[in-house]
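Remarks on the overall topology
Below, each chain spelled out in residue letters.
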Amino acid sequence: MSKYICPICKNNCFQLLEDNIYTPLNIQYKISWCQHCKIAHTFTSNSNKDKKFPIDISSKYVSPFYQIIMRYFMFLRVRKIRAILRCQSLQGKRILDIGGGSGGFAQALASYGAEVTVIEPQKIYRQLISKNSNVNYIHSTFNNTIAHTLMKGKKFDIVTFWHSFEHLNNPLSVLKLVRPLLRVGGFVYICVPNIQSMQYTFGRQYWTYLDPIFHPFHYSVRGLSKMLQRAGFKIRKLFPYSLEYDLFGWHQTLLNRITESNNYLYMKKKKGIEIPSSVATRYVSAVHIFLLPLTLFANLITYCMNNPSCIDIVAYKRPVQNTIL
Ligand SMILES: [Zn+2]
């Protein structure tokens, strides 16, 4: 631990937040908080290079009720983008969605007339994007080569990271690559879990959005704002409470806390993976609906205290003369 260096600022000014988190693969993780960056970092002695990101199951295998809810949440996501760009329709707007996953968000944006490009490292998701939608799908990680290729075209109005930014190993470099892709005054929109939320304070190592296997960094509002400023952006807006993420986050975090397990229900329903778990975890998860009143109460407190589980932030591209690169 004495050798720990923050990967962003290279300082060793840190505080251990979580010690000895064991994942289903029995690999040990620790999480430390950099007092300089105001960002936490996951580290492990086992590099676990074979880790495979579990992909979502196809929407045709989920219940019609869940599909209706997801359509409503997509509408809410698109409404935020329309509010940021100050337009009713997204006709003619150019949007780059980095880490777009199964393309649900991208296709919802395209249905409002936007010209959307998705960059997604998981090739399998490409099959889920309708050929009729106005979505250009690039199967790749976001890197120098992709950025230079995209730079040859017209500039984007907005670049979005919908719960993909926390998966990046080099977030500051990525933001610096994004900046030249934007038109003058263009936006970057990031939604990530908030390590300084009530939900984390309650859940700690059982917090549903901690996910140490796939989240190398854990952001606070101040930390992410500082990073955006370093990359040449100015903060425009911080969205408050998110119905989609706060509702689900509290429900699964409560389940995790009660059963001392991690995301059993989510992995089963969303990814189609049954994590080896205790009998208690399986039984409690089967009757999870009875936890709903408690989930709703926790959401009410979150809403009243304005301390959401995720940071939902918009920043715009600053003119070059004010940029610290
Ligand atoms: Zn740091």
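Preceding this paragraph is the structure being described.
The structure reproduced in this document is the subject of the present report. (Residues numbered from 1 in each chain as written. Predicted model: local features only at pLDDT ≥ 70, side-chain atom pairs only at ≥ 80, totals over all residues.)

1. Some words on the overall build of the chain
What the chain contains, in helices and strands, is 10 helices and 11 strands. Since a compact globule built from 325 residues should have a radius of gyration of about 20 Å, the 20 Å found for the chain is in line with a globular shape. With respect to the three principal axes, the spread of C-alpha positions in the chain is 55 × 50 × 40 Å. By residue count, 38% of the 325 residues in the chain fall in the buried class. Within the chain, residue pairs in contact and separated by at least 24 positions form 68% of the contacts whose partners lie at least 6 positions apart. (Helix = DSSP H or I, 4+ residues; strand = E, 2+ residues; numbered from the N terminus. Rg over C-alpha atoms; globule rule 2.2 N^0.38 Å. Buried ≥ 20, exposed ≤ 12 C-beta atoms within 10 Å, placed from the backbone. Contact = placed C-beta atoms within 7 Å.)

2. Quick look at the sheet that holds strand β10 (residues 233-239)
One key point about sheets: their strands pair by backbone hydrogen bonds, in either a parallel or an antiparallel sense. Taking strand neighbours across the sheet as the criterion, the seven strands line up as β6-β5-β4-β7-β8-β11-β10 in an open arrangement whose pairing is mixed. The open sheet has two edge strands, β6 (135-139) and β10, and neither has a second partner. Sheet twist, expressed as the mean angle between neighbouring strand axes with direction ignored, is 20 degrees. By the bridge criterion, five bridges tie strand β4 (residues 94-98) to strand β5 (residues 115-120) in an arrangement that is parallel. Across the sheet, the residue bridging to R94 is E115, located in β5. Taken strand by strand, helix α1 (residues 64-85) contacts β7 (156-162), β8 (182-193), β10 and β11 (310-317), and its axis lies near 145 degrees from that of β7. Relative to β10, helix α6 (residues 221-230) is tilted by about 150 degrees, and along the sheet it contacts β8, β10 and β11. (Pairing = 2+ DSSP bridges. Axes fitted to C-alpha atoms, helices over the stretch in contact; angles between N-to-C directions.)

3. Some points on the pairing of β8
β8 sits mainly inside the fold: nine of its 12 residues count as buried. Note that β7 and β8 share six bridges and pair parallel. Bridged to F161 within β8 is I190. Following the chain from β7 across helix α4 (residues 171-178) to the adjacent parallel β8, one finds a crossover that is right-handed. For β8 and β11, the ladder comprises seven bridges, and the chain directions are antiparallel. Counted as the bridge partner of F187 is Y316 from β11. (Right-handed = clockwise from strand over helix to strand, strands pointing away.)

4. A few points about the environment of R230
Considering the arrangement of structural elements, one finds R230 in helix α6. Looking at R230, the number of C-beta atoms within 10 Å reads 17, which means it is partly exposed. With 49 residues separating them along the chain, R230 and L181 place their C-alpha atoms 17 Å apart.

5. Side note on the nonpolar core
Counting residues in each nonpolar core, the largest one holds 72 residues, and the members touching the most others are L109, V159 and I190. Here this core takes seven residues from β8, the largest share from any one element. Setting aside residues no more than four positions away along its own chain, I190 makes contact with F161, F165, L224 and I313. (Core = buried A, V, L, I, M, F, W, Y, C linked by C-beta atoms within 7 Å.)

6. Section: unusual backbone geometry
At R86, a residue that is not glycine, the phi angle is positive and equals roughly 55 degrees. Mapped onto the secondary structure, R86 falls in the loop between α1 and β4. Classification of R86 by C-beta neighbours within 10 Å gives exposed; the count is 6. Backbone geometry at N306 places phi at a positive 50 degrees, although glycine is not the residue there. Structurally, N306 can be placed in the loop between α10 (292-305) and β11.

7. Notes on the sheet that holds strand β1 (residues 14-22)
Taken together, the four strands give an open sheet; going across it, the order is β1-β2-β3-β9, and neighbouring strands pair in antiparallel fashion. Lying at the two open borders of the sheet, with one neighbouring strand each, are β1 and β9 (217-219). On average, each strand axis in the sheet is inclined to that of its neighbour by 20 degrees, with strand direction left out of account. Looking at chain direction, strand β3 (residues 39-43) and β9 are connected through three bridges and run antiparallel.

8. A look at the packing of helix α7 (residues 243-259) against helix α9 (residues 279-286)
Put simply, α7 and α9 touch, their axes get as near as 10 Å, and they point 145 degrees apart. For the pair α7 and α9, the sense of crossing is right-handed. Contact residues: α7 offers L255, I258 and T259, while α9 offers A280, T281, V284 and S285. Grouping the constituent residues of the contact of α7 with α9 by class yields four nonpolar, three polar and no charged. (Left-handed = near helix turned anticlockwise from the far one by under 90°. Nonpolar A, V, L, I, M, F, W, Y, C, P; charged D, E, K, R; others polar.)

9. Concerning the packing of α7 against α10
The N-to-C vectors of α7 and α10 enclose an angle of 125 degrees; their axes lie 9 Å apart at closest approach. Put simply, α7 runs oblique to α10. Crossing hand, α7 versus α10: right-handed. In contact with D246, L247, W250, H251 and L254 of α7, α10 contributes L294, T295, A298, N299 and T302. (Parallel < 35°, antiparallel > 145°, perpendicular 65-115°, else oblique.)

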